[in-house]
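An overview of the molecular structure
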Protein chains: 2
Amino acid sequence: MGVEIERKFLVDDARWWQLAANEFSYLRQGYISADPKRIVRVRATEKEGFLTIKGISTGAARAEFEYTIPREDAETLLDTLCDNIIAKRRYLVEHARQTWEVDVFLGDNEGLIVAEIELDDENEQFELPGWIGREVTEEEKYYNASLSRRPFKSW
Amino acid sequence: MGVEIERKFLVDDARWWQLAANEFSYLRQGYISADPKRIVRVRATEKEGFLTIKGISTGAARAEFEYTIPREDAETLLDTLCDNIIAKRRYLVEHARQTWEVDVFLGDNEGLIVAEIELDDENEQFELPGWIGREVTEEEKYYNASLSRRPFKSW
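Since we're looking at a predicted model, the values are computed, not measured.

The next point concerns the nonpolar core. In terms of nonpolar packing, the biggest core is built from 28 residues, with Ile32(A), Leu77(A) and Leu77(B) touching the most fellow members. Mapped onto this core, the elements with two or more residues apiece are strand S3 (39–44), strand S4 (49–58), strand S5 (61–69) and helix H2 (71–81) of chain A together with strand S3 (39–44), strand S4 (49–58), strand S5 (61–69) and helix H2 (71–81) of chain B. The contact partners of Ile32(A), leaving out residues within four places of it in the chain, are Val40(A), Val42(A), Leu77(A), Leu81(A), Cys82(A), Arg38(B), Val40(B) and Ile53(B).

Structure, rendered in structure tokens:
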């Protein structure tokens, strides 16, 4: 088990794009349970599968249990047990010796770009890049589990 | 992924007891999702933890994905994310070269004893031991996920 501490921001400035690493991962993810108190997420990347359980959020912190599973299992779980699949491209951007994950949503969430930084503890300092917009860490509608049910395009 | 094919029977005759192997496992299990269409089960034995996802049942068959997880994770998941924990002792009984699992429920389900046999396919033949009672394979109230919400003692 771990505790996931992450802060999440909107991105509405295209400058990040030139700073991103060339490679991106294509992620598909869905929810067997989208209840914010007990999230069960399935994720498939090009190479791997993950099963992740998240407990309740307290500010930016959340209990998280993540297990690697066969990619084929993840695909089958997504196709048979998850109603709404989220697809996104994830880019990594280095800034001030920290790594930001920039998620460019596709499909029903196209138009939404979100940047996240994972912290070791809630008081860890970090420098905001100039291309970062408003913070949405605690806004439930931006949770990926919420986006699977109420996608960005429907807002 | 596998397909779980099992048949489940009540046990209301004490004869099985003398035939059981001496050892039993003490199991605690709970449900992060108890929705019968997408069950997410956490199980802790004395030594191991398991995370199991089950899809919809068709007769005795059901898609099942089971992953071993650290026992401490299983205990934490049970204690923090599962509302109603089922506890039972599981005995193994050999009969006609097949293994029956006999679950003796504890706590709120005390008084319920259920025997299960796992089959390789739905047409596999098996011999019913004399101590076996009525079949309950398709009775939803005997699903462990249902027992976690509506325990036997409340019937």
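The relation between the two chain copies is a rotation about an axis coupled with a shift along that axis. Each copy superposes on the other: chain A lies on chain B with an RMSD of 0.0 Å after a rotation of 180° and an axial shift of 0.0 Å. In symmetry terms, the pair is related by a two-fold rotation axis. Relative to the rotation axis, the closest C-alpha in chain A is found at Ser33(A), a distance of 3.2 Å.

A separate point is the interface of chain A and chain B. Facing the 20 residues of chain A at the interface are 21 residues of chain B. Both sides together, the interface formed by chain A and chain B hides about 1700 Å², and carbon and sulfur atoms give 68% of it. Among the residues chain A hides against chain B, the three largest losses belong to Arg38(A), Tyr67(A) and Leu81(A). Together they make up 34% of the total. Seen at the junction of chain A and chain B, the total is two salt bridges. Of the charged contacts in the structure, one is a salt bridge between Arg38(A) and Asp83(B), with a shortest N-O distance of 3.0 Å.

Another point: the layout of surface pockets. For the largest pocket, the calculated volume is near 700 Å³. Around the largest pocket sit 35 residues that line it, and Glu6(A), Arg41(A), Arg43(A), Arg90(A) and Glu116(A) are the ones nearest its centre. Contributing elements (two or more residues each) for the lining of the largest pocket: strand S1 (2–11), strand S2 (20–33), S3, S4, S5, strand S6 (86–95), strand S8 (113–118) and helix H3 (144–149) of chain A. Considering each element in turn, the lining of the largest pocket owes the most residues, seven residues, to S2(A). Each pocket or cavity is described by its volume, and for the second largest pocket that value is around 530 Å³. Surrounding the second largest pocket, 29 residues form its lining, Glu4(B), Glu6(B), Arg41(B), Lys54(B) and Glu116(B) being those nearest its centre. Sorting the residues of the lining of the second largest pocket by element identifies strand S1 (2–11), strand S2 (20–33), S3, S4, S5, strand S6 (86–95), strand S8 (113–118) and helix H3 (144–149) of chain B as the ones contributing at least two each. Taken together, the residues of the lining of the second largest pocket sort by class into eight nonpolar, six polar and 15 charged.

Okay, the UniProt feature "domain: CYTH" (unreviewed entry) in chain A next. Mapped onto the present numbering, the UniProt feature "domain: CYTH" (unreviewed entry) falls on residues 2–149 of chain A. In residues 2–149 of chain A, the share of helix is 14% and the share of strand is 52%. The end C-alpha atoms are 26 Å apart.

This brings us to the packing of aromatic side chains. The final tally for this structure, using the stated rule, is 20 aromatic pairs over all chains. For the ring pair Phe152(A) and Trp155(A), a centre distance of 5.2 Å and an interplane angle of 70° mean the geometry is edge-to-face. For Phe152(A), a relative accessible area of 27% corresponds to the partly exposed category. Ring centres of Phe24(B) and Tyr91(B) lie 5.2 Å apart, and the angle between their planes is 40°; this geometry places the pair in the tilted category. Placement of Phe24(B) in strand S2 and of Tyr91(B) in strand S6 is noted, with a sequence separation of 67 residues between them. Among the aromatic residues, those joined into a cluster by ring pairs are Phe9(A), Trp100(A), Phe126(A) and Trp131(A). The side chain of Lys141(A) reaches across the aromatic face of Trp155(A), ending 4.4 Å from its centre.

Residues and elements named next belong to chain A. As defined by bridge partners, S2 adjoins S6 across seven bridges and the pair is classed as antiparallel. Residue Arg28 lies in a different strand from S6, and its bridge partner there is Ala87. Note that S2 and S3 share five bridges and pair antiparallel. Bridging across to S3, Gly30 finds its partner in Val42. Joining the antiparallel neighbours S2 and S3 is a turn of five residues.

Looking now at the UniProt feature "active site" (unreviewed entry) in chain A. As annotated by UniProt and renumbered to match this structure, "active site" (unreviewed entry) occupies Tyr31(A). With respect to the helices, strands and loops of the structure, Tyr31(A) is situated in strand S2. Beyond its immediate sequence surroundings of up to four residues, Tyr31(A) is in contact with Ile39(A), Val40(A), Arg41(A), Leu81(A), Cys82(A), Asn144(A), Ala145(A), Ser148(A) and Arg38(B). Within polar-contact distance, the side chain of Tyr31(A) engages the side chain of Gln29(A) at 3.0 Å.

What counts, and where the lines are drawn
Residues numbered from 1 in each chain as written. Chains lettered and ligands numbered in written order. Predicted model: local features only at pLDDT ≥ 70, side-chain atom pairs only at ≥ 80, totals over all residues. Heavy atoms only, no water. Core = buried A, V, L, I, M, F, W, Y, C linked by side-chain atoms within 4.5 Å. Buried < 20%, exposed > 50% of the residue type's maximum accessible area, 1.4 Å probe, protein only. Helix = DSSP H or I, 4+ residues; strand = E, 2+ residues; numbered from the N terminus. Contact = heavy atoms within 4.5 Å. Least-squares fit on C-alpha atoms with pLDDT ≥ 70 in both. Buried area = accessible area lost by both parts, 1.4 Å probe. Salt bridge = Lys/Arg side-chain N within 4 Å of Asp/Glu carboxyl O. 1 Å grid on protein atoms, 1.4 Å probe; cavity = no way out; pocket = protein on both sides within 12 Å on 5 of 7 lines; lining within 4 Å. Points joined across faces, edges and corners; volume = space filled by probe spheres on them. Nonpolar A, V, L, I, M, F, W, Y, C, P; charged D, E, K, R; others polar. UniProt positions renumbered as here; feature names shortened; annotations may be inferred. Phe/Tyr/Trp six-rings, centres within 6.5 Å; stacked < 30°, edge-to-face > 60°. Lys NZ or Arg CZ within 6 Å of the ring centre and 35° of its normal. Pairing = 2+ DSSP bridges. Polar contact = N/O pair within 3.5 Å; in protein donor to acceptor, adjacent residues only side chain to side chain.

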